[in-house]
Amino acid sequence: MAPAARVSALRRAGNEQFRNGQYCQAAALYSQALGLLEAAGERNAEEVSVLYSNRAACYLKDGNCSLCVKDCSVALDLVPFGIKPLLRRAAAYEALERYQLAYVDYKTVLQVDCTVQAAHDGVNRMTKALLEKDGLEWRQKLPPIPSVPISAQRRWDFPPAGSQAAAPRLKPTETAPLEKQVPTAAMTERAKTLKQEGNELVKKGNHKKAIEKYSESLKFSNQECATYTNRALCYLSLKQYKEAIQDCTAALEFDAKNIKAFYRRAQAFKELKVSNCKRVSD
């Protein structure tokens, strides 16, 4: 059997073992495939990257987070900005309590594809963990977040109005001379619609559902200051003061003089202080 065919067979066998929960055996098969490629002098970057990423998934499942980080880093050196190795490395960093690095990887994923829910969830978890660990200055302590080139990003391609499509389709974005991701017109319009739906829910007093709408809106465009302050208002109503503080701080990054953000953040700090005092007295 030719080396390429043998490698392909080992990869398929590894995938099957992984699906069956046999992570150690799967990792061994991926290692064999990598050994064959190295012995044959073949360096197909994409194929090698996938094998390292797959083996990293095995290590992550077995709790060997350090080896997972190592393999994901190799995979990303070969093919930068791969979503799977970024997510796996982020999860490993999170398990190792290296929250700053996990945050950076989750944020990088969202630059590549803003629709990855696991990355949104990861950012939320890391934000809470870092706020508790480093206080309000946690953002200043972060390592640099890589700038993902436009050619590596994916954006929403919406189906026609009235379409029965269950979900939007993703398509690769064409290369453009821009350095940062800008929401498409369709994404911006969808974000506005969701924000308006959230506003209507707030008027009805349904703050929990409104938060869901605002959160969905931010997935399509996270550059709307009012969406953060509106969601902060909902968090205040639900006594989720830390989340309110986070949203107000995010809003102030866009508009450093935003009165609503300052006022609602001050309210949240006040309520947190009262709540903490009550706990001490109890």
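Rules used in this analysis
- Residues numbered from 1 in each chain as written.
- Predicted model: local features only at pLDDT ≥ 70, side-chain atom pairs only at ≥ 80, totals over all residues.
- Heavy atoms only, no water.
- UniProt positions renumbered as here; feature names shortened; annotations may be inferred.
- Phe/Tyr/Trp six-rings, centres within 6.5 Å; stacked < 30°, edge-to-face > 60°.
- Helix = DSSP H or I, 4+ residues; strand = E, 2+ residues; numbered from the N terminus.
- Buried < 20%, exposed > 50% of the residue type's maximum accessible area, 1.4 Å probe, protein only.
- Contact = heavy atoms within 4.5 Å.
- pLDDT = per-residue confidence, 0-100.
- Core = buried A, V, L, I, M, F, W, Y, C linked by side-chain atoms within 4.5 Å.

Under an unreviewed UniProt entry, the chain has the name Mitochondrial import receptor subunit TOM34 and belongs to Chelydra serpentina. Per UniProt, the chain has the following entry under Subcellular location (unreviewed entry): "Cytoplasm".

(A) Layout of the packing of aromatic side chains. Counted by the stated rule, this structure contains two aromatic pairs. The interplanar angle of 80° and the centroid separation of 5.2 Å between the aromatic rings of Tyr-103 and Trp-138 together place this pair among those described as edge-to-face. Of this pair, Tyr-103 sits in helix H6 (residues 99-112) while Trp-138 sits in the loop between helix H7 (117-134) and strand E1 (154-157), and the two are 35 residues apart along the sequence. Taking the relative accessible area as the measure of exposure, Trp-138 reaches 4% and is therefore buried.

(B) Representation of the environment of Leu-78. Mapping Leu-78 onto the fold places it in helix H4 (residues 65-78). Linking Leu-78 and Val-48, residues 30 residues apart in sequence, is a C-alpha distance of 7.8 Å. The residues contacting Leu-78, other than those within four sequence positions of it, are Arg-43, Ala-45, Val-48, Ser-49 and Tyr-52.

(C) View of the confidence of the model for the chain. Residues at a pLDDT of 70 or more form 85% of the chain, whose mean pLDDT is 83. Confidence drops under a pLDDT of 50 for residues 155-181, and excluding neighbours within four residues, the segment shows 50 contacts in the predicted structure. Per-residue pLDDT stays below 50 along residues 276-282; that stretch engages in zero contacts with residues further than four places along the chain or on separate chains.

(D) The arrangement of the nonpolar core in detail. Among the nonpolar cores identified, the biggest contains 41 residues, and Leu-51, Cys-68, Tyr-103, Tyr-106, Val-109, Ala-119 and Trp-138 are the most heavily contacted of them. When residues in this core are grouped by element, the largest group, seven residues, is from helix H2 (residues 23-40). Among all residues touching Tyr-103, those that are not within four sequence positions of it are Val-123, Met-126, Thr-127, Leu-130, Trp-138, Arg-139, Leu-142 and Ile-145. Listed in part, the 21 residues of the second largest apolar core include Ala-210, Ile-211, Ala-261 and Ala-268.

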